[in-house]
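Topology and contacts: notes
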Amino acid sequence: MSFSPAIEFNDVLFAYKPAAQAVIDIQNWQVPQGQSVFVSGSSGSGKSTLLNLICGALVPSSGSINLLGHSFSDLPSGKRDTFRAKHIGVVFQQFNLIPYLSVNQNVKAAAYFGNGVGKDFEPRVQEYLNQLQLPSKILHTQASQLSVGQQQRVAIVRALINSPEILVVDEPTSALDADARDAFMQLLLKSVERCKSTLLFVSHDKSLASHFAHHLDMSELCPTGAENKSSQELSQ
Ligand code: ADP
Ligand code: MG
């Protein structure tokens with residue numbers, strides 16, 4: 001593990017349209033490797049935009065984003081996609097499994113674009129399934145046939161299959177009841193600890209913050225509005 005921060009923003013501005021006001025305006029922000037950060041913020045405060053910048057689905061209008069010591073936002077899009085597949089796991093709000101593919105095919109697709117489907121693919125998937133208390137036979141179930149609880153576990157397996165250094169998670173619990181939400185959090189945090197991943201967990205639900213030692217609100221990270229353009233470094 002190098003000493004570079006997992007995530008580093010330098011003078012990052014992002015606007016959805018050239019003339020529009022910036023949704024993201026972050027002068028200097030760093031997340032050390034291995035840290036788990038809870039990011040809160042009201043609806044529309046830019047949480048999903050921030051995660052999309054970190055996973056390279058969006059690129060800054062100006063400024064730079066470095067990940068794991070690499071100038072990620074300056075990479076051409078093909079190389080950015082490769083970097084993402086290898087180093088970044090993403091769990092979306094709706095889990096985004098490919099519905100007509102089996103569980104095995106969903107996970108294999110992520111492995112294929114990441115570090116490759118090596119000889120150890122099957123045992124690794126089995127191990128994750130065991131840890132998440134999913135039966136092996138679920139591998140052959142079509143994703144559209146899974147319960148919500150099963151989908152969320154498969155989404156974690158898919159996000160972790162390449163042991164990503166960085167994991168970004170966007171409001172995954174909003175459709176879950178309290179018990180399912182707690183189970184999800186335990187599973188996620190255990191998996192992150194095991195992979196020593198850096199986790200950015202985004203939610204408007206502040207009750208989840210108790211699971212995290214590091215908290216950040218979008219209003220401190222990125223106070224929007226022309227009159228207040230300062231940003232604040234993440235407190236450690
Ligand atoms: P959050 O996830 O915190 O609810 P978002 O990052 O989704 O916030 O949105 C931040 C702001 O950017 C909002 O004002 C939203 O309307 C706007 N926005 C989000 N996505 C787009 C888009 N694809 N095109 C234009 N504006 C967008
Ligand atoms: Mg959002």
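Residue indices begin from 1 for each chain and proceed along its sequence in written order. Chain letters and ligand numbers both follow the written order, the letters beginning at A and the numbers at 1. Only residues with pLDDT of 70 or above have their local features reported here, since the model is predicted, and side-chain atom pairs are shown and tallied only from 80 upward, although totals for entire chains, interfaces and linings are computed over all residues. The basis for the side-chain values is all heavy atoms of the structure; hydrogens and waters are excluded.

1. Some remarks on the site of ligand 1
The cutoff for a nearby residue is simple: one of its non-hydrogen atoms must lie within 4 Å of the molecule or strand. Every residue lining ligand 1 is accounted for by Tyr16, Val23, Ser42, Ser43, Gly44, Ser45, Gly46, Lys47, Ser48 and Thr49. Between ligand 1 and the protein, one listed contact pairs an oxygen atom with a backbone N or O atom of Gly44 at 2.7 Å. Distance and chemistry together define a polar contact, namely a pair of N or O atoms within 3.5 Å, with one atom able to donate a hydrogen and the other to accept it when in protein, and with adjacent residues in sequence counting only for side-chain atoms on both sides. Between an oxygen atom of ligand 1 and a main-chain N or O atom of Ser48, the distance comes to 2.9 Å. Relative to its free-state accessible area of 560 Å², ligand 1 is covered by the protein chains to the extent of 53%. Each residue receives one of three labels: charged for Asp, Glu, Lys and Arg, nonpolar for Ala, Val, Leu, Ile, Met, Phe, Trp, Tyr, Cys and Pro, and polar for the others, Gly being one of them. In terms of residue class, the shell around ligand 1 is built from 2 nonpolar, 7 polar and 1 charged. Methods summary: accessible areas were calculated by the Shrake-Rupley approach with a probe of 1.4 Å, and residue burial reflects only the protein chains presented.

2. Topic: the pairing of strand E3 (residues 36–40)
On a regular strand, each side chain points to the face opposite its neighbour's, so the side chains alternate between the two faces of the sheet. Exposure is judged per residue with a 1.4 Å probe applied to protein chains only, and the accessible area is read against the type maximum: over 50% gives exposed, under 20% gives buried, and values in between give partly exposed. Strands here mean DSSP runs of E at least two residues long; helices mean DSSP runs of H or I at least four residues long; both are numbered from the N terminus. Of all 5 residues that make up E3, 4 are buried, and the element is covered over most of its length. Note: two strands are recorded as paired if DSSP finds a minimum of 2 bridges between them. In the sheet, E3 pairs with strand E7 (residues 198–202) via 4 bridges, with the strands oriented parallel. Within E7, the residue paired with Ser36 across the bridge is Leu199. When E3 meets strand E8 (residues 214–217), the two strands line up parallel, connected through 4 bridges. In the sheet register, Val39 faces E8, and the bridge partner there is Leu216.

3. Examining helix H5 (residues 148–160)
Here the expected length of a helix is defined as 1.5 Å per residue gap, with one fewer gap than residues. Helix length check: H5 (13 residues) gives 18 Å between terminal C-alpha atoms against 18 Å at 1.5 Å per residue, within 8%. When H5 is considered as a whole, its buried residues turn out to be Gln152, Arg153, Val154, Ala155, Ile156, Val157, Arg158, Ala159 and Leu160.

4. Some thoughts on the sheet that holds strand E4 (residues 62–67)
For sheets, the rule is that strands pair by backbone hydrogen bonds, running either parallel or antiparallel. One open sheet holds the 3 strands; their spatial order is E2-E1-E4, and the pairing between them is antiparallel. Bordering the open sheet on either side are strand E2 (24–31) and E4, each of which pairs with just one other strand. Taken pair by pair, the neighbouring strands of this sheet meet at an average axis angle of 10 degrees, ignoring direction. One ladder, built from 7 bridges, connects strand E1 (residues 7–14) with E2; its direction is antiparallel. Whenever a helix is involved, its axis is fitted only over the stretch in contact; in every case the axis is a line through C-alpha atoms, and angles between N-to-C directions fall within 0 to 180 degrees.

5. Remarks on a nonpolar patch on the surface
Nonpolar side chains collect at one region of the surface, where Tyr112, Phe113 and Val117 lie side by side and expose about 350 Å² of accessible area between them. Position of Tyr112 among the secondary structure elements: in helix H3 (residues 103–113). Patch building starts from residues that exceed 30% relative accessible area and form no salt bridge, then joins like charges within 9 Å and nonpolar side chains (Val, Leu, Ile, Met, Phe, Trp, Tyr) within 5 Å. Here, a salt bridge means any side-chain nitrogen of Lys or Arg that lies within 4 Å of a carboxyl oxygen of Asp or Glu.

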